[in-house]
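Now for the letters of each chain:
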Amino acid sequence: MNKREFLKTSGAVVAGSMLSRFSSSQQQPAPRENWAGNITYSTDRVHMPASQDEVRAVVKGCSKLRPLGTRHSFNTIADSTQNQISLLRLDEITVDDKAKTVTVGGGVKYGQLAPLIEARGFALHNLASLPHISVAGAVATATHGSGVHNGNLATAVSGLEVVTADGAAMELSRKKNDDRFNGVVVGLGALGVVTRVTLNLQPTYQVAQTVYRNLSFNQLEHHFDDIFAAGYSVSLFTEWQSHRATQVWIKRRLAAGDKNEWPAEFFGAQRATEKLHPIDGHSAESCTEQLGIPGPWFERLPHFKMNFTPSSGRELQTEYFVPRERGYEAILAVEKLRDRITPHLFVTELRTIAADELWMSMAYQRPSLALHFTWKPEWPEVSKILPLIEAQLEPFGPRPHWGKLFTVSPARLQAQYARLGDFKALLERHDPNGKFRNEFLDTNLYAS
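Residues numbered from 1 in each chain as written. Predicted model: local features only at pLDDT ≥ 70, side-chain atom pairs only at ≥ 80, totals over all residues. Heavy atoms only, no water.

### Observations concerning the side chain of S361
Structurally, S361 is set in the loop between β18 (345–353) and β19 (368–375). Owing to a relative accessible area of 1%, S361 belongs among the buried residues under this scheme. Of note is the side chain of S361, whose polar atom sits 2.7 Å from the side chain of D356. (Helix = DSSP H or I, 4+ residues; strand = E, 2+ residues; numbered from the N terminus. Buried < 20%, exposed > 50% of the residue type's maximum accessible area, 1.4 Å probe, protein only. Polar contact = N/O pair within 3.5 Å; in protein donor to acceptor, adjacent residues only side chain to side chain.)

As structure tokens, this is what we get:
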């Protein structure tokens, strides 16, 4: 199974009354698990409002509440022992052609949004790995695409509407709220329920991608920046054996008149002559077009097709952000564990993300290399490997992805966020009684 093959269909997660459990006359809930099946949520009380007024009523009526996106988190960040709120019914999309922005409801997924803005002649600067995830959920956890000049998906946000603990709707914008805005955007679901997100748009563009095979890690020692800057977005895939990346995926943004030419060799790696899946031996049917064939941005930036419905599967994911300038050192450090890692691994993806100013972003003020591990569903074994990887990465100040599995201690995690104190002050101001806090936040943000 690959990173995306565990997806279930993009239908509704649950439906129900605002302040009561599901009744027989309402849509029945989907299984109370996350997509990967490694988390079973601690409550079946899931509110599914259809308007902001209903959101406000839910928030007012609950003493404890956690926002539930599209269930793509691999840890308990969205869990609650009392109430969850899903915004899948808030799916409005409004394009402002003059301002070059789009405002989406809290339940809108990238797969819904991208074709619509493309039809209006617009695009986003980047996309997440999966089109089935919600914009609001991706933004809240600093989820990202890749590219040395591309910030994570939250960097496109220019406005937010958040229902805070008292049920009031708070509107913020980058222009009006300045630094405080940088604290709210990657909010981890701790500041309130995000009902609307406004994103900056740019003119639509074309992208072509080609895959190269077998890049020696030796090339990264002296050509790290050249390799990762060889395209608008570049990903290296490895199973950590043979001191190599088994595949290099290069996505190039094409302007009018650009030559779409690809050399047969890339730093010793050979250009693929057939379409490939990131995991050797898997069918490439679900993958986006390769072989240098140009296409719209939203049909190339993801590795997998927007409209493809993969089969269900089980897997685990972890990801660590380290300073890009020390990326090669970090790769070598992890490689020492290759014989422990490989038996339990599907694949590792290495990619870069530009620095940003969002307080709780993994790339806050730090151009980053992300080391993303897609594991087999073998948690007892993986749980023993993660501390070993984290120990190897400790000299680089690793920041784990907020929505994925990690065992970094709260003290070490908190030390990685210079603005954590300011973020906690925001929480105290907008949620003084901890309505939106859960065990995950209490442990990782507050425990010593």
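Having seen the model, we can carry on.
### Focus: the layout of surface pockets
Considered as a void within the structure, the largest pocket measures approximately 370 Å³ in volume. If you go around the largest pocket, you meet 22 residues; those closest to its centre are T76, N438, E439, F440 and T443. A per-element tally of the lining of the largest pocket places helix α11 (residues 439–446) first, with four residues. Split into classes, the residues belonging to the lining of the largest pocket amount to seven nonpolar, nine polar and six charged. (1 Å grid on protein atoms, 1.4 Å probe; cavity = no way out; pocket = protein on both sides within 12 Å on 5 of 7 lines; lining within 4 Å. Points joined across faces, edges and corners; volume = space filled by probe spheres on them. Nonpolar A, V, L, I, M, F, W, Y, C, P; charged D, E, K, R; others polar.)

### Describing the pattern of salt bridges
Evaluated as defined, the whole model comprises 15 salt bridges. Of the charged contacts, one joins R314 and E33 as a salt bridge, the two residues approaching to 3.3 Å between their closest N and O atoms. Here E33 lies in the segment before β1 (46–47) and R314 lies in the loop between β16 (295–296) and β17 (316–323), a separation of 281 residues in the sequence. For R314, a relative accessible area of 36% translates into the label partly exposed. Residue E161 pairs with R196 through a salt bridge whose shortest N-O separation is 2.6 Å. With a gap of 35 residues between them, E161 in strand β7 (residues 157–163) and R196 in strand β9 (residues 193–200) connect regions that are remote in the sequence. Assessed through its relative accessible area of 6%, E161 is described here as buried. A single network of salt bridges, built from pairs that share partners, joins E319, E349, R351 and K404. (Salt bridge = Lys/Arg side-chain N within 4 Å of Asp/Glu carboxyl O.)

### Here we look at the pairing of strand β12 (residues 233–238)
Within β12, six of the six residues are buried, which leaves the element mostly enclosed by the surrounding structure. Here β12 shows two buried faces, one formed by S233, S235 and F237 and the other by V234, L236 and T238. With five bridges connecting them, β12 and strand β13 (residues 244–254) associate as antiparallel partners. Paired with V234 across the bridge in β13 is I250. In textbook terms, the turn of a hairpin is the stretch between consecutive antiparallel strands, and for β12 and β13 this stretch comprises five residues, one of which, W240, has a positive phi near 75 degrees. Both β12 and β18 contribute to a ladder of four bridges, which runs antiparallel. The residue bridging F237 from the neighbouring strand is E349, located in β18. (Pairing = 2+ DSSP bridges.)

### Quick notes on the packing of aromatic side chains
Under the definition given, this model contains 13 aromatic pairs. Ring geometry for F266 versus F267: centroids 5.0 Å apart, planes at 90 degrees, classification edge-to-face. Taking the relative accessible area as the measure of exposure, F267 reaches 29% and is therefore partly exposed. Put simply, the rings of F217, W240, Y320, F373 and W375 touch in pairs and so form one group of aromatic residues. Sitting above the plane of the W262 ring, R252 keeps its charged end 4.1 Å from the centroid. In this structure, R399 packs its charged tip against the face of Y417, placed 5.5 Å from the ring centre. (Phe/Tyr/Trp six-rings, centres within 6.5 Å; stacked < 30°, edge-to-face > 60°. Lys NZ or Arg CZ within 6 Å of the ring centre and 35° of its normal.)

### Description of the sheet that holds strand β5 (residues 101–105)
Taken together, the five strands give an open sheet; going across it, the order is β4-β5-β9-β7-β8, and neighbouring strands pair in antiparallel fashion. For this open sheet the edge positions go to β4 (93–96) and β8 (169–173), each flanked by a neighbour on one side alone. Across the sheet, the mean angle from the axis of one strand to that of its neighbour is 15 degrees, orientation sign disregarded. Pairing analysis gives five bridges linking β7 to β8, with the strands arranged antiparallel. Looking across to β8, one finds that E161 is bridged to E171. Sitting on the sheet, helix α2 (residues 110–119) touches β4, β5 and β9, and the angle it makes with β4 is about 35 degrees. (Axes fitted to C-alpha atoms, helices over the stretch in contact; angles between N-to-C directions. Contact = heavy atoms within 4.5 Å.)

### A few points about empty space enclosed by the protein
All told, the structure shown has five cavities of 30 Å³ or more when counted by the stated rule. Estimated volume of the largest cavity: approximately 720 Å³. Broken down by secondary-structure element, the contributors of at least two residues to the lining of the largest cavity are β2 (66–68), β3 (84–86), α3 (135–140), β7 and β9. With five residues, the top contributor of residues to the lining of the largest cavity is α3. Counted by class, the lining of the largest cavity contains 25 nonpolar, 18 polar and six charged residues.

### With respect to the sheet that holds β1
Spatially, β1-β3-β2 is the arrangement adopted by the three strands of the open sheet, whose pairing is parallel. Lying at the two open borders of the sheet, with one neighbouring strand each, are β1 and β2. Sheet topology places β2 next to β3; three bridges connect them, and they run parallel. The residue of β3 that forms the bridge with L68 is S86.

### Some details on unusual backbone geometry
Non-glycine residue R71 carries a positive phi angle of around 65 degrees. Checked against the element boundaries, R71 lands in the loop between β2 and β3. The backbone phi angle of A142 is positive, close to 60 degrees, even though this residue is not glycine. On the basis of relative accessibility, which here comes to 1%, the residue A142 falls in the buried class.

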